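# Structural description and commentary
Read off the chains here:
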Amino acid sequence: MLKRTTIIILLCFTGFVTSLFAQDKPEGFYAPSITHYVKFETNKGAFTIGLYNETPRHRDNFLRLVRSHAYEGVLFHRTINRFMVQTGNLSTKNATKNTDVSADSTTQTLEQEINPKLLFHKRGAVAAARTGDDVNPLKASSATQFYIVTGNYYTDWDLNDLEKEHDKKLTPYQRDVYKTQGGVPYLDGDYTVFGEVVDGYNTIKAIERVKTDDRNRPQKDIIIKRVTEVEHP
């Protein structure tokens with residue numbers, strides 16, 4: 001009788017633990033599958049990003065650029081505090097103070113891989129830049145330019161207002177992330193998120209806080225010096 005009672009107690013405890021862990025993950029929880037890691041070394045420090053398996057076109061294109069050393073010498077040409085930092089404009093290599101860094105000589109695009117319920121603009125997310133809907137209604141991505149999200153923290157009230165204003169519906173998991181980690185939720189559904197910063201986020205914070213001119217270009221150049229594929233950091 002004692003043995004049977006012990007088994008029942010163990011089964012009940014196991015069920016309780018399983019239920020407890022399930023409650024730790026809000027509805028809509030999703031962990032993207034990272035297949036490759038890329039380390040960027042800049043004159044402001046280093047950071048590493050992980051590339052998602054869920055966005056194979058963007059992942060493979062990004063790896064092609066990394067392996068050809070295309071990003072080495074490129075500037076972080078646009079930084080906005082509490083929003084994002086942007087790079088990947090290949091024409092910014094050897095740019096002078098008078099160079100229009102907003103002009104991009106690369107016109108190639110990628111078909112979008114937008115999946116806002118699973119891959120969204122949390123702090124540290126890596127997403128493809130693109131031109132606006134007026135000239136790009138299909139939301140095709142730039143083949144080279146990308147940005148890293150810094151963003152803000154949000155309250156439930158903020159998110160409720162955002163959902164109404166932008167006609168979006170966030171999952172409970174997304175709401176939890178935007179409240180506890182931060183990000184830019186109003187960009188969800190409009191840009192392809194294809195990776196995230198997995199190490200060196202302090203470097204991103206240092207980049208976003210630099211002084212900029214009236215076009216959001218850093219007054220002192222932030223240069224990508226070296227880019228390499230690495231093992232898990």
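The coordinates are above.
Below you will find a few notes about this structure. (Residues numbered from 1 in each chain as written. Predicted model: local features only at pLDDT ≥ 70, side-chain atom pairs only at ≥ 80, totals over all residues. Heavy atoms only, no water.)

### A few points about the overall build of the protein
- A count of helical and extended segments in the protein gives five helices and 10 strands.
- Taken along the three principal axes of its C-alpha coordinates, the protein extends 85 × 40 × 35 Å.
- Classification of the 233 residues of the protein by burial places 42% in the buried group.
- Restricting to contacts in the protein with at least 6 residues of sequence separation, those with at least 24 account for 71%.
- A total accessible area of about 12,800 Å² is found for the protein, and carbon and sulfur atoms account for 52% of it.
- Each charge sign in the protein was given a centre, from 31 positive and 29 negative side chains, and these centres are 5 Å apart. (Helix = DSSP H or I, 4+ residues; strand = E, 2+ residues; numbered from the N terminus. Buried < 20%, exposed > 50% of the residue type's maximum accessible area, 1.4 Å probe, protein only. Contact = heavy atoms within 4.5 Å. Areas by Shrake-Rupley, 256 points an atom, 1.4 Å probe, with all protein chains shown as cover. Lys, Arg positive; Asp, Glu negative; His and termini not counted. Charge placed at Lys NZ, Arg CZ, Asp CG, Glu CD.)

### Some thoughts on the packing of helix 3 (residues 156-166) against helix 4 (residues 172-180)
- Closest axis-to-axis distance for the helix 3/helix 4 pair is 10 Å, and the angle between their directions is 125°. Between helix 3 and helix 4, the angle is such that the two are oblique. At the point where helix 3 passes helix 4, the crossing takes the right-handed sense. The segment helix 3 lies against helix 4, with Asp156, Leu159, Asn160 and Glu163 engaging Arg175, Tyr178 and Lys179. (Axes fitted to C-alpha atoms, helices over the stretch in contact; angles between N-to-C directions. Parallel < 35°, antiparallel > 145°, perpendicular 65-115°, else oblique. Left-handed = near helix turned anticlockwise from the far one by under 90°.)

### A few points about the pattern of salt bridges
- Counting across every chain of the model gives 15 salt bridges.
- Here arginine 57 and glutamate 113 are joined by a salt bridge, their closest N and O atoms 4.0 Å apart. With arginine 57 in helix 2 (residues 56-67) and glutamate 113 in the loop between strand 5 (109-110) and strand 6 (125-128), this residue pair connects regions lying 56 residues apart in the sequence.
- Aspartate 221 serves as the salt-bridge partner of arginine 217, at 3.2 Å between the closest nitrogen and oxygen.
- The exposure class of aspartate 221 is partly exposed, given its relative accessible area of 24%. (Salt bridge = Lys/Arg side-chain N within 4 Å of Asp/Glu carboxyl O.)

### What to know about the packing of aromatic side chains
- If you walk through the whole model with that rule in mind, you get 15 aromatic pairs.
- Ring geometry for phenylalanine 40 versus phenylalanine 47: centroids 5.2 Å apart, planes at 0°, classification stacked. We note that phenylalanine 40, like phenylalanine 47, is buried.
- With 5.5 Å between their ring centres and 55° between their planes, phenylalanine 62 and phenylalanine 194 make a pair best called tilted. (Phe/Tyr/Trp six-rings, centres within 6.5 Å; stacked < 30°, edge-to-face > 60°.)

### Digging into the sheet that holds strand 4 (residues 84-87)
- Spatially, 3-4-8-6-9-2-1-10 is the arrangement adopted by the eight strands of the open sheet, whose pairing is antiparallel. Of all strands in the sheet, those bounded by a partner on one side alone are strand 3 (76-80) and strand 10 (224-230). Each strand of the sheet is rotated relative to its neighbour by a mean of 25°, with strand direction disregarded.
- Where strand 6 meets strand 9 (residues 193-199), three bridges bridge the pair, whose relative direction is antiparallel. (Pairing = 2+ DSSP bridges.)

### So, unusual backbone geometry
- Here arginine 82, not a glycine, exhibits a phi torsion of approximately 60°, which is positive.
- Checked against the element boundaries, arginine 82 lands in the loop between strand 3 and strand 4.
- On the basis of relative accessible area, arginine 82 is assigned to the exposed category, the value being 56%.
- One non-glycine residue with positive phi stands out, namely aspartate 167, at about 55°.
- Take aspartate 167: its relative accessible area is 71%, and that puts it in the exposed class.

Everything listed here is a matter of geometry and, on its own, says nothing about what the molecule does.
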